[in-house]
Amino acid sequence: MAPIAVGDSLPDGTVSYFDDNDQLQSVSVHSLTAGKKVILFGVPGAFTPTCSLKHVPGFVEKSEELKSKGIDEILLLSVNDPFVMKAWAKTYPENQHVKFLADGAGKYTHALGLELDLSEKGLGVRSRRFALLVDDLKVKLANIESGGEFTVSSAEDILKAL
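A brief look at the structure comes next.

Cut-offs used in this document
Residue numbers restart at each chain and count upward from 1, following the sequence in its written direction. Where local features are concerned, this predicted model is filtered to residues with pLDDT of at least 70; where side-chain atom pairs are given and counted, the filter is 80 or more; whole-chain, interface and lining totals use all residues. For the side-chain quantities, the full set of heavy atoms in the structure was used; hydrogens and water were omitted. Paired rings are identified among Phe, Tyr and Trp, the last through its six-membered ring, by centres lying within 6.5 Å, and are further divided according to the angle between planes into stacked (under 30 degrees), edge-to-face (over 60) and tilted (the rest). Secondary structure elements follow DSSP: runs of H or I of four or more residues count as helices, runs of E of two or more count as strands, with numbering from the N terminus. Relative accessible area decides the class of each residue, using a 1.4 Å probe on protein chains only: under 20% of the type maximum gives buried, over 50% gives exposed, and in between gives partly exposed. Under this rule, positive means Lys or Arg and negative means Asp or Glu; His and the chain ends count for nothing. Whenever a carboxyl oxygen of Asp or Glu lies within 4 Å of a side-chain nitrogen of Lys or Arg, that contact is scored as a salt bridge. The definition of a polar contact used here is a pair of N or O atoms within 3.5 Å, where within protein one atom must be able to donate a hydrogen and the other to accept one, and adjacent residues in sequence count solely through side-chain atom pairs. We call two residues in contact whenever any of their non-hydrogen atoms come within 4.5 Å of each other. Throughout, the arc means the angular range of directions from the helix axis out to the C-beta atoms.

Structural notes on the packing of aromatic side chains
- A full pass over the atoms with the stated rule returns six aromatic pairs.
- Between W88 and F100 the ring centres are 5.5 Å apart and the planes differ by 85 degrees, which places this aromatic pair in the edge-to-face class. One end of the pair, W88, is in helix α3 (residues 82-89); the other, F100, is in strand β5 (residues 98-102), and 12 residues separate them in sequence.
- One aromatic cluster is present, built from ring pairs that chain together F47, W88, Y92 and F100.

With respect to the side chain of R129
- Following the sequence through the fold, R129 ends up in the loop between β7 (125-127) and β8 (130-135).
- Here R129 occupies a buried position and makes no salt bridge, while the nearest side chain of opposite charge, E145, is found at 5.5 Å.
- Among the polar contacts made by the side chain of R129, one reaches the main-chain carbonyl oxygen of E149 at a distance of 3.3 Å.
- The contacts of R129, once residues within four sequence positions are left out, are G42, V43, P44, T50, C51, H55, N143, I144, E145, E149, F150 and S153.

Brief notes about the environment of W88
- Judged by relative accessible area, which is 1%, W88 ranks as buried.
- For the pair W88 and G148, spaced 60 residues apart in sequence, the C-alpha to C-alpha distance is 20 Å.
- Sequence-distant contacts of W88, defined by excluding residues within four places in its chain, comprise V43, G45, A46, F47, C51, S52, V56, L76 and F100.

A word on α3
- All of the buried residues in α3 are P82, M85 and W88. Along α3, the residues classed as buried sweep out an arc of 120 degrees about the axis, all on the same side.
- If you follow the buried residues of α3, they end up packed against β1 (14-18), β2 (24-28), β3 (37-43), α2 (49-68), β4 (73-78) and β5.
- You can read the cap of α3 off the contacts: a side-chain oxygen lies 2.8 Å from the backbone nitrogen of F83, and it is on D81.

Printed below as a string of structure tokens:
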């Protein structure tokens, strides 16, 4: 399946997260994104070095600036279960705006065409690293990394595009 691209509509699917009341929520991606300008960014795995030390902190640090440029939601997607995502989110106590979404079975990542097979590294099928700018379900920017790279999907890259 071809990866999602500029001009495509964001597919719908179900993801999970823990809300502010520590209740597990399973929601449709469209319920989080329809009628909004959002950043959906994906990482290969929670607690992994590049994801934890560079990718996620960039969006946490730049979230106010992104919001000031009209972004309604900043959504992080990873092929991890919601309990892992909740624990990972807690490692960013300064985070105000990044929502940590779990795609436990990788079904939504598959719908995006962004799977990354890391079985050789013992991680199974995960998500490629990416950042999408989506306006009312239409993809306006699709920065998708190759392999384990981190060159086009940072918060700074999205800010430049805005």
